[in-house]
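Structural overview
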Amino acid sequence: MSTPRCLPGPGPFRPEGRVALITGAGQGIGRELAGVLYRRGASVAIVDVDARAATSLAAALGDRALPVIADVSDRAAMAEAIPQVVAYFGHLDIVVANAGVVPPPATLRTMEPAEFDRVIGINLTGVFNTVHPALGHIIAAGGHVEVVSSCAAFAPGMGGAPYMISKAAVEQLGRALRVELAPHGASAGVAYFGIVDTEMTHSTLDRDELGRRIEALLPWPLSTRITAEHAARTIADAIEHRAPQAISPLAWMPYSLLRGVINTVLDSRLARDPRVHALLREVERRGIENRLTSPSSIPLQVRRIQVQPGAGRPLRMSRRGE
């Protein structure tokens, strides 16, 4: 297993005694990261739309964990959640914008516009909604923001364009943020991963015939998987080093550095590859069938948060009018 590459930052930033807020912390990388930072001495705000997942993790970790039930795509809810976390713990030192979703395989021509909006709303706008209300607290603490992009940010996007688009934009958000925070003594970094062995990967690749065929187009070693725990340790180590960049598996590093040249050649090859043509026709056939048999709208998520009294109780969202 390759090790992450963390480029040295301005100095060590130990998690002990810090307060970290992690989105998408109910499962996958976020769940593992909450455990890693907690064991390294941090208090953690576990932000997730899944109340059961967030509260069960907080209970399993201990008194320094607070479940926050919130949807990152809801700007008003996140604007309330951040100060509530600060009020509960007294400060906020670390923010990890990790929440993300993957759309089902589809081309831009055949996908539901609402599905595009959903992915962008969580993966990109959700990062802004998380980071923006926290920046004053991060600056006051001389803290660190970590945004989770993906190696998909610089990989070909056919069949899953909304995800690649969102992760490329998150990369730029993180890079801008690092420069903008520097005058204030705070820092930011971007984490990039290849294929991480999570439930999201299992549902979109392993249990989907088209997903398996898309993955099969990745050459070794780019098809190498890492565990969610490995990804979490990569992020935790990057935070401690205030690293501007962390990539794992390391095999993706040359691709990242040479993407301008590689992608020009790769896009041309993919556009001529009959295997890709056949796969995309099948993706489009399924997309058209799904549009004919499924509702065209996606239900609205729950909104707002409410503070529940009592130590350890979650900060919870409810629908307006309820």
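Given the structure is predicted, the values throughout are model-derived calculations rather than measurements. (Residues numbered from 1 in each chain as written. Predicted model: local features only at pLDDT ≥ 70, side-chain atom pairs only at ≥ 80, totals over all residues. Heavy atoms only, no water.)

**A word on the overall build of the protein chain**
Across its full length, the protein chain holds 13 helices and 12 strands. In the protein chain, buried positions account for 49% of the 322 residues. Counting contacts in the protein chain only where the partners sit at least 6 residues apart, residues at least 24 apart contribute 71% of the total. (Helix = DSSP H or I, 4+ residues; strand = E, 2+ residues; numbered from the N terminus. Buried < 20%, exposed > 50% of the residue type's maximum accessible area, 1.4 Å probe, protein only. Contact = heavy atoms within 4.5 Å.)

**So, the environment of Val 190**
Structurally, the position occupied by Val 190 is in strand β7 (residues 187-193). Expressed as a C-alpha distance, the spacing of Val 190 and Ala 97, which sit 93 residues apart in the sequence, is 9.9 Å. Ignoring any residue separated from it by four or fewer positions in sequence, one finds Val 190 in contact with Glu 146, Val 147, Ser 149, Glu 171, Gly 174, Arg 175, Pro 244, Gln 245 and Ala 246.

**Topic: helix α2 (residues 51-61)**
Buried within α2 we find Ala 53, Ala 54, Leu 57, Ala 58 and Leu 61. Buried residues along α2 cover an arc of 125 degrees about the axis, so they all sit on one side. In α2, those exposed residues whose orientation departs by more than 90 degrees from the buried face are Arg 52, Ala 59 and Ala 60. Summarising the contacts, the buried residues of α2 are in contact with α1 (28-39), β3 (43-48) and β4 (65-69). Structurally, the start of α2 carries an N-cap: the backbone nitrogen of Arg 52 is 3.1 Å from a side-chain oxygen of Asp 50. Two residues or fewer past α2, Gly 62 is found with a positive phi of approximately 135 degrees. (Arc of directions from axis to C-beta. Polar contact = N/O pair within 3.5 Å; in protein donor to acceptor, adjacent residues only side chain to side chain.)

**Regarding the pairing of β3**
When you tally the buried positions in β3, you get six out of six residues, the bulk of the element. Side chains Ser 43, Ala 45 and Val 47 of β3 all project onto a buried face; the interleaved residues Val 44, Ile 46 and Asp 48 project onto the opposite face, where all are buried too. Where strand β2 (residues 19-23) lies against β3, five bridges are found, and the strand directions are parallel. Bridged to Ile 22 within β3 is Ile 46. With α1 bridging β2 and the parallel β3, this β-α-β connection has right-handed handedness. (Pairing = 2+ DSSP bridges. Right-handed = clockwise from strand over helix to strand, strands pointing away.)

**Side note on the side chain of Ser 150**
Position of Ser 150 relative to the elements: it lies in the loop between β6 (144-148) and α7 (161-181). Overall, the relative accessible area of 6% leaves Ser 150 in the buried class. A polar atom in the side chain of Ser 150 sits 2.9 Å from the backbone nitrogen of Ala 152. A polar contact is formed between the side chain of Ser 150 and the backbone oxygen of Phe 193, at a distance of 3.4 Å. Those residues in contact with Ser 150, other than ones at most four positions away along the chain, are Tyr 163, Lys 167, Ala 191, Tyr 192 and Phe 193.

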